[in-house]
Structure formats: structure tokens, C-alpha cells
Amino acid sequence: MVLEESESPLNSSVTAFALKAKVIYPINQKFRPLADGSSNPSLHENPKQAVLPNQVMEISTSGSLGSLSQGDKEDCSSSTTIHSTTSDDRFQARAFLKVTSFPEVLTCESFDVKLCLCSLTLKDLMLLDTELRKEKHVMVIQILKIYVTDFYHKKKITDDLFKKILLIQENDFEELQRQLDSRLQNTEMSGAHNSEYQTLEDLERKEREYSEHVIDNMEAFWKQTDKAQQAFLDESKCSSAKATKIMMDLTEKMIAVESLLSESQDLQAMDIQERLFNWELMVKMIDSLKSYIPEECKCRLNIVSNILDHLTVKNNLSVRQKEELLTDLHKAFWEQLAHFSNECIQQSKDLILKRLESCAKKKEEFKHRQKAEQGSLLSKTFHNEDVHDFLKAYHELLEKHRQAQWELKEEDDCESTEAIADLYKELYSKASHALVELVTELFLQTLPLVTGLSVRECELLKEEWQENLVPQLEKWETYCQRRWKLFQEQLLQEKQLWMKEYALSSVMQKHLSEKQEKIIQGVTSRLGCLSDDSVNYILQKHRLLLCSVLRRLTLRRVGMAALARMRLSRKKSLLQELRQQHILQKGSFPCQDEDQWQLQKALESHILEEEEKLEEETQQTHLEFHQQLVTEIQEALQFLQQHMEQVIGQTLLQHARREARKKNLDGGQDFKERLVEAAVESVYGTSNNINRLVQNYYQELGKITEGYEEKKLQQLKSLQVERSERNRLKKKQESELALKEKQTKGLLSVSSAVHQRMVLQQKKVLAQFELQQQIRLESLKQKLLGLHHLETELENHLKEAEQDFVRELAVLTRVPVAVKKKPSKRSKPIGEKTKRKTFQSPQSAEKDDSHENIQEPPGLTSGLCRERLQSPHESEPEPRKNSQDAKKERQQVVKAFI
């Protein structure tokens, strides 16, 4: 007997009708129209599961054609169009199941399996960030503790001070952690109306707020670290050079910490992404088992239907009898399958619950053991020279712990998947056995009574059913294998795309790092006055903060990529199913007639249209997240800039203090104090001759400053002339270049595309801008160097004049103290072509009028000194009774100018 072929996995005629009619027509419909217009409830279906609030009805991302607990999924689950009844904004507000571990996804009844998996990826990224942040805090605090302990052992700080410093550090850092935990807890609780479900909109908001809180905590942490360093150095009373060396050593150790964490973060972030792809494979495998059972049973039932159709044609059965037999068979089988499926689902949930409880206990035991190992390492004593050994040992210990936790999770995921797979294999065995029993009952008990056929003829019908079943099952098996292969290829394409985006992000991050390094190097080079150690400290501090900022932003970028994937998951999954359907249909039905060819062309056109829409939405989504990332980068770099401004300001302040101390030491302050005391006690130094000496000193200062101003004005004019000449030459070069471009413009417009010309013009403008900026910087540098040279020369002349004044004062008061005069670096005074005349001798000074006013340069003396100098004084020695007043007066005058 020749029977009609059973229905194909993809019904070509139904698909063609759906495409031509431009309506949603389910492929795996349950109620097919009969010839008389009535519907055939041959495929029994239980009432549909209630849909969640805000839940959007769409195709299952798993591609399953039947839900075991419901018989089949909703009719719209296999639509050939991906147009949703709601907008994309509604999709972001939809609720999907909140899961805490991968095994929960295996029993998830939601259509949004990919959303659940991506949410687990975000959870793993957040956990990784938390672990690395705590590791950094511990290592930085331990580094500070090692240095403080070293100072304590060297008796540079007391025992009470040692305990006080450590206690303050621990309390401050613990307070920072408490503030962060409180903020993160508030973020997690906000918007949580339902603890079992979450929306994509809430998830994006939480990720954004989490990133803001972490950046704020990072800023506060580094400020607290600087504060702890400064407090420790202030309490230790060490020298400025020693303090600078210690701060450079601490910064170098912290850079080593950031390097270790950055390398570990990159590797683990890639592992997390790789695990996401493995999760999708395991979920797809379980979903294939779920869909394989009802689809194969449909295939078996279709062969039974074909046999009954043949009996109807031979008039052994009426149409009504055939429909009643099929209805009873389908109802009995789908009821049994639903019962077995409910049992399987409940067993799966119980199994996963037990495994999660067991895994939680293992994790708790593992956590206690790890904490004990970490405490044992931290309790050991390390010295300054052992800091790198400590960092390496502690980081390797935590890496070993993280690897052990990772392996424990992977083992649990694989075992849970295998256990669920075994349950569905058992379900398949039960369903097949139940169907065989029902078919046997139909052929050997029911048909002989209804058709009047002999038992032998019915046995032959059963054997025919079994024979026809073999090629159909082989065909279905081939179909499933092709579908699985296509899924693997699609997943591989997604993986390659992710690797490409990750490589591009690495290049952008490297460019940002180099740009920031170039900026800080330019700033330090323009300062010019700092020592090499100070410049190296600024560069090290900038590198430390930049590493910390970039490491956080890298993790944020990975999280944004996961959020973008979640936004696009709906349309991507639907488009992938359309592509998969087209490829499988093309392989099952080669284009042999006009209708099938038109069907293929219509489906291909529809796929191209949806691909364009998906590409447009992908670009828009990526642009939105990119703009958000750029905003967060700017905010983080703003923190970096503010922090570096403080560091540079403190460095300049310390440099100024060191220079001031050096000048005080070089100025012979001790000698000046001894000279003042000797001049006060001397009887030869009167107010008149001292005033005359001061007047000559003022005149000399006036000549020096006047010469300085003249030279300064002359140099500025010279620089202005040079700059004008450079601008003239630059404009001449630009005009020549523009003339050449005008001559080659016709050739360029013909041989080059518009985009290439735009790129060349952009490069030209940027090159001109950088050249102009470099010219300005060089001009400013020359100006600063010239002014610095003049100021140095002025300072030398002022020092020499001061030394001459002190020497003349010593001679005037006949103080037997020799002044060690430094050799002069100038051959001639500023603004003079003749030799500078010396101060007047004491004899000539005594003959001058004692009431002559002293002409002084403004700003060189205080008001008190000016008042004392401009008051009248006696030219003759005072009587003995006024000797104390004269001594006091001489002391005030001498102190005012020494």
C-alpha cells in the first residue's frame, strides 16, 4: 500500500500563503480547517499559561515548537514575520524572570532565555568588579601598613603614634566601604516592585547608577590614600627628599597593584563572555530535547493519520469515524504527554533546588577556607624590600581562589545540564512507549471492530506504520542536525563579532591612554622649574590614576555591550529563525516549479528587509551606548584632571618651600644676625652715617631695577619681531601650498573619492592646528627662558648689592667680622656702561647733612623702616644718658635692611 508522505517540519504551502497574504499565519497551528469549514481539534491543547504583566507575545528564542506542559506554545511563536504588536519602548519595559544562577535558566518557562543569560553575565561582571576592588583596597592598605611598620621598627615614630596611624587608616577605609555598600543597596532596592521579575529598563538604570557610585568611591579612595600618605609623612618628621622618595615608592607599588588587577580583569572578562556562549549551547541542547519529543510524536501521529485516510478512501472508514478515532488518539496521547511533562518539570525544579542548596553549602565552606588562607598570609611580617613579593603572593592566592570558584560553578552547570537532559530523555522514552501502546491498541483492538478488517490485516497496517516511520524519523533527525549546525554557526558569528568589538575597544583605550600621557608630559615639560624626581612623581601619580580609571571604564564597556545585546536580542532571534527557516526550507524543497521559486524570492526579500531594519536599530543602539560611555569617560577624566591639579599644586608648593629654605641658607642669615648685634653695640655706627649708607644702597637698587626693565622691554620687542617674521614665513608657505593644491585640484577631484578628500582635508587641518600650537608653545618657552634668565641676572645683582651693603656696614661700624663675598657673575651693572661707584666712606658720610631725605624704590622697605629713616637724627654722638635710645634706634635701622 502506498501512503501519502507525512507533513514536513516546515509546511511549504502554509508558508507561501502567509507570505502572499501578508498576515501572521502560524505554521504549527493546532486547528486546521476541514473541508466542511469546521475546525479539527485533533491536536489537543491545554489552556495557555497566563502572561506576565507587560509581557510581549513573541517568538521563543529557543526555537522550540511545543511546550511540554501545554502541548504547544502560542500560535504566534512560529510567525514568519518579526513585527511585534508593541513598540521597542514597550519591549524595554517588559518583565522577565530574575535568576541568580545558570541552573535556574534550565527550568525557566520564560520566552526571554537570552535576557536571563545576559543578566547573569552582568551579575558576574559586577561580582568580578567587587572582588578586584576589595583586593585593591587590601593590598594598598597593606602597603601603607608595611611602610608605617618599618618606620616604627626604626624608632622614627612612637608606639602610640604607630597604633594611631593604623587605626585611623582602617577606620577611614572601612567607612568608605560602608558608604559604597549603602549606596549600592539603595540602588538595588529602588524600582524593585516585584522581586521575582525585572525589566531591561530597570537593569540599565541600575548598571548606570552602579557605575556612578563606583567611580565616586574610587575618587574618594584615592583621596583618602593621599591623605593617609601625607599624614604618615607629617607624623614621621622626615626630610623633604626622603618624603618624596617614599611617595614615589608607594606610587610605584600601587601601579604594580593596578597592573596585576588589570591583567586579571581582562582575562576573566573574556572568560565570562566565553561562558555566556557555552550557556547558550547548553540551553539550546535542552530546548532541542524539549522540542524533539512533541515533534517526533507529531510525525508518528501523522503517519497514523495517513493510514486512516487511506482506509477512508477505500471506504473502510467514514470521515466522521476517522475524525473520532484521531481525536480520541490525540486526546489520550497529549493528556499522557502533558502529565509526563508536568512530572518532568517538577522533577527538574526539585533537582535544581537540591543542587543549588548543595552548591551553596560548598561555596560557604570554600569561602571560610579561603578567608583563613588570606588571613594567614596577611598576618605575616613583610618589610619594604618584600612588598613586591607580598603583592605577588596575595594576588596569586586570590587568583587561585577565583579559579577554584570558577571551576566549581562550571562543574555545577555541566552536571545540572546533564541531569536535566537525562530527565528529558526519560520523558522521551515514556512518551514513545505511551504512543506505541495507544497505536497498538488502535490497530489491534479498535480498527478490527470499526472497519471489519481481520486482525492479520490490522497487524499488517501496524507493520506498515512502523516501516514508514523509519524514513520519516531519519528525515526529522537530519532536519534537527542541520538546525543545530546552523545555530552553532550563528553563535560562532556572534563570538567573532564580539572579539572584533573587543579588539576595537582595546585600540580606543590605548589611544585614550597615550593621549592622556602626552597631555601630562606636556604639562610637566612646560613647568620647567621642577626637578626630575618631582616630574617622575607627577607622571607616576597620573599613570596610577589613569590605570584605575581605564580599568573601571573597560568593565563598564563590557557591561554596556551586554545591555546592547539584550536590547537587540528580540529582533536578532526572530531574524535568525527566519534565516534558519529559509535555509532549511531551501534544502528540503529545491526550487522545481514557479510557486516554490516565488516563495523563495519572497522570503529572501523579507529577510533582506528585516536585516536592514535590524542594522539600523543596531547602529542606533550602539550610538546611544557609545554616547553614554563617552559621557562617563569625560566625567572620569574630569576627576583625573582635578586630582592631578592638586598633585601638581602640592608639588609646586613643596618645590617653592625647598627653594625658599635654600635661599635662606645661602643668604648667610646667621652672619647677618651677628652683624646686627655687633653694629648695635658699636659706638662708631651713628644714625647719620648709616642713613647715608642706606641711601647709596637704594640708589644702586634703583639703577639695577631700571636696567632690568630696559632689558626686559628690549627682549620682548625682539621676541615680537621674531614672532612676526615666523608668521610671515608661515603665511607664505601656506599660500604656496594652497597654490599647489589649486593646480592639482582637478586631478584630485577625478582620481579621489569624496571621502578620501574629506579625510585629507581633516588631516591637513589637524596638522596645521598642531603646528600652530607647537609654534605658540615654542614662542612662550623662549619668552619664559628669556625672562627667567633676566630674573636670574637681576637676582644675582641684587645679591651682590646686598653683600656690598653688608660689607660697607661692617667697615662703617668697624666690626671685625669678614664677609665672604661670592664671586660676581656679571662684568658690568645692568643699564650702566661705566663702572659702578662704591658706597661712601664713613668719614665722608659723617660730613653729610643728617636731615636729608632718603629716596627709596617703592616696595623695598616697610612703613616702619621708612618712618624711622625719614625722621631727623643728630649728627653728633649722644650723651651717655641717651646711649640706650641711640642703640635702640641703630638696631631698628640696621634690622630694616639686613
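Above this note sits the structure.
Described below are features of the structure shown in this document. This structure is a prediction, so every number in the text was calculated from the model and none was measured. (Residues numbered from 1 in each chain as written. Predicted model: local features only at pLDDT ≥ 70, side-chain atom pairs only at ≥ 80, totals over all residues. Heavy atoms only, no water.)

Some remarks on the overall build of the chain
Put simply, the test is: Only DSSP runs of H or I reaching four residues or more are called helices, and only runs of E reaching two or more are called strands; each is numbered from the N terminus. We call a residue buried when its accessible area falls under 20% of the maximum for its residue type, exposed when it is over 50%, and partly exposed in between, using a 1.4 Å probe and counting protein chains only. Throughout, a residue-residue contact means that at least one pair of heavy atoms, one from each residue, lies within 4.5 Å. We get accessible surface area from the Shrake-Rupley algorithm with a probe of 1.4 Å; when it comes to residues, only the shown protein chains can shield them.
Broken down by element type, the chain carries 19 helices and four strands. Here the chain holds 898 residues, and 44% of them are scored as buried. Across the chain, the fraction of contacts at a sequence separation of at least 24, relative to all contacts at a separation of at least 6, is 83%. With the model as given, the accessible surface of the chain reaches about 49300 Å², and the carbon-plus-sulfur share is 53%.

Comments concerning the pattern of salt bridges
The following threshold applies: For this document, the term salt bridge refers to a Lys or Arg side-chain nitrogen within 4 Å of an Asp or Glu carboxyl oxygen.
Using the criterion set out here, one finds 36 salt bridges in the structure. Glu 624 serves as the salt-bridge partner of Arg 567, at 2.8 Å between the closest nitrogen and oxygen. Taken together, the residues Arg 567 in helix α11 (residues 532-588) and Glu 624 in helix α12 (residues 594-666) connect sequence positions 57 residues apart. Arg 567 gets classed as buried once you look at its relative accessible area, which sits at 11%. Through salt bridges with shared partners, a single network forms among Lys 114, Glu 280, Glu 494 and Arg 565.

Brief notes about the packing of helix α6 (residues 200-236) against helix α7 (residues 240-313)
The line we're drawing: With axes taken as lines fitted to C-alpha atoms, and helix axes fitted only over the stretch in contact, angles between N-to-C directions fall between 0 and 180 degrees. We call two directions roughly parallel when the angle between them is under 35 degrees, roughly antiparallel when it is over 145, roughly perpendicular when it lies between 65 and 115, and oblique otherwise. Handedness of a helix crossing follows the sense of rotation of the near helix relative to the far helix, less than a right angle counterclockwise being left-handed and clockwise being right-handed. Classes in brief: Ala, Val, Leu, Ile, Met, Phe, Trp, Tyr, Cys and Pro nonpolar; Asp, Glu, Lys and Arg charged; the others, Gly included, polar.
Taken N-terminus to C-terminus, the directions of α6 and α7 make an angle of 150°; their axes are 11 Å apart at the nearest point. Taken as axis vectors, α6 and α7 run roughly antiparallel relative to one another. As for the relative orientation of α6 and α7, their crossing is right-handed in sense. Here Trp 222, Thr 225, Gln 229, Gln 230, Phe 232 and Leu 233 of α6 come into contact with α7, specifically with Ala 243, Ile 246, Met 247, Leu 250, Met 254 and Glu 258. Residue composition of the contact of α6 with α7, by class: eight nonpolar, three polar and one charged.

Observations concerning the packing of aromatic side chains
The line we're drawing: Stacked, tilted and edge-to-face are the three classes applied to pairs of Phe, Tyr and Trp rings, where Trp contributes its six-membered ring and a pair requires centres within 6.5 Å; stacked means planes under 30 degrees apart, edge-to-face means over 60, and tilted covers the rest. The rule for a charge over a ring is simple: NZ of Lys or CZ of Arg within 6 Å of the ring centre, and within 35 degrees of the ring normal.
Taken as a whole and assessed by the stated rule, the structure comprises 12 aromatic pairs. Members of the aromatic cluster, each reached through a chain of ring pairs, are Tyr 292, Tyr 428, Trp 476 and Tyr 479. Sitting above the plane of the Trp 406 ring, Arg 275 keeps its charged end 3.8 Å from the centroid.

Description of the nonpolar core
The condition is simple: We call a set of buried residues a nonpolar core when its members are Ala, Val, Leu, Ile, Met, Phe, Trp, Tyr or Cys and they connect through side-chain atoms within 4.5 Å of each other.
Core analysis: the largest hydrophobic core is formed by 132 residues, its most contacted members being Leu 447 and Met 566. Once you skip the residues sitting within four places of it in the chain, Leu 447 turns out to touch Leu 308, Leu 311, Leu 317, Leu 325, Leu 442, Gly 452, Cys 458 and Leu 461.

Considering helix α5 (residues 159-189)
Where we set the bar: Helix span, as expected, comes to 1.5 Å for every residue beyond the first.
Along its 31 residues, α5 runs 45 Å from first to last C-alpha, staying within 8% of the 45 Å computed at 1.5 Å per residue. Listing the buried residues of α5 in full gives Leu 161, Phe 162, Ile 165, Leu 166, Gln 169, Phe 173, Leu 176, Gln 177, Leu 180, Leu 184 and Thr 187. At its buried positions, α5 is contacted by α4 (113-153) and α6.

Observations regarding the side chain of Glu 632
What counts, and what does not: What qualifies as a polar contact is a pair of N or O atoms within 3.5 Å, subject to a donor-acceptor requirement within protein and to the restriction that residues adjacent in sequence count only when both atoms come from side chains.
Of note, Glu 632 is situated in helix α12. Side chain to side chain, Glu 632 and Ser 211 meet in a polar contact 3.4 Å long. Contact partners of Glu 632, with chain neighbours within four places excluded, come to Arg 208, Ser 211, Leu 553, Arg 556 and Met 560.

As for the state of the cysteines
Note on terminology: a disulfide is the covalent bond linking the sulfur atoms of two cysteines. Threshold: In this description, a disulfide is simply a cysteine sulfur pair whose atoms lie within 2.5 Å.
Tallied over the entire structure, the rule returns zero disulfides. Unpaired in terms of disulfides, Cys 118 finds its nearest cysteine sulfur in Cys 116, a separation of 9.5 Å. On the basis of relative accessibility, which here comes to 1%, the residue Cys 118 falls in the buried class.

Brief notes about α6
Between its first and last C-alpha, α6 extends 53 Å over 37 residues, near the 54 Å set by a 1.5 Å rise per residue. Following α6 by one or two positions, Lys 237 has its phi on the positive side, about 55°.

Let's talk about the environment of Phe 173
Summarising the element assignment, Phe 173 is placed in helix α5. Owing to a relative accessible area of 6%, Phe 173 belongs among the buried residues under this scheme. In this structure the C-alpha to C-alpha distance between Phe 173 and Val 138, which are 35 residues apart in sequence, comes to 9.7 Å. Beyond its immediate chain neighbours, meaning those up to four positions away, Phe 173 contacts Ile 141, Leu 144, Phe 221, Gln 224 and Thr 225.

Details of the environment of Trp 597
Among the structural elements, Trp 597 can be located in helix α12. Each C-alpha atom of the pair Trp 597 and Lys 586 lies 9.8 Å from the other, and the pair is 11 residues apart in sequence.

Describing unusual backbone geometry
Backbone geometry places Asn 315, a non-glycine residue, at a positive phi of 65°. Position of Asn 315 relative to the elements: it lies in the loop between α7 and α8 (319-378).

Re a negative patch on the surface
This is how it is decided: Like charges within 9 Å and nonpolar side chains (Val, Leu, Ile, Met, Phe, Trp, Tyr) within 5 Å are joined into patches, using only residues over 30% in relative accessible area that form no salt bridge. Charged-residue counts in this description rest on Lys and Arg as positive and Asp and Glu as negative, His and the chain ends being excluded. To locate a charge, take NZ of a lysine, CZ of an arginine, CG of an aspartate or CD of a glutamate.
Together, Asp 271, Glu 407, Glu 410 and Glu 411 give the surface a local cluster of negative charge. Counting residues per element, the negative patch draws most heavily on helix α9 (residues 387-451), at three residues. Mapped onto the elements, Glu 407 comes out in helix α9. Note on Glu 407: relative accessible area 45%, which makes it partly exposed.

Some remarks on the packing of α4 against α7
Contact pair α4 / α7: the axes reach a minimum separation of 10 Å and the direction vectors enclose 160°. If you check the angle between α4 and α7, you find them roughly antiparallel. Where α4 crosses over α7, the handedness of that crossing is right-handed. Each residue belonging to the contact of α4 with α7 can be placed in one class, and the counts come to 23 nonpolar, four polar and nine charged.

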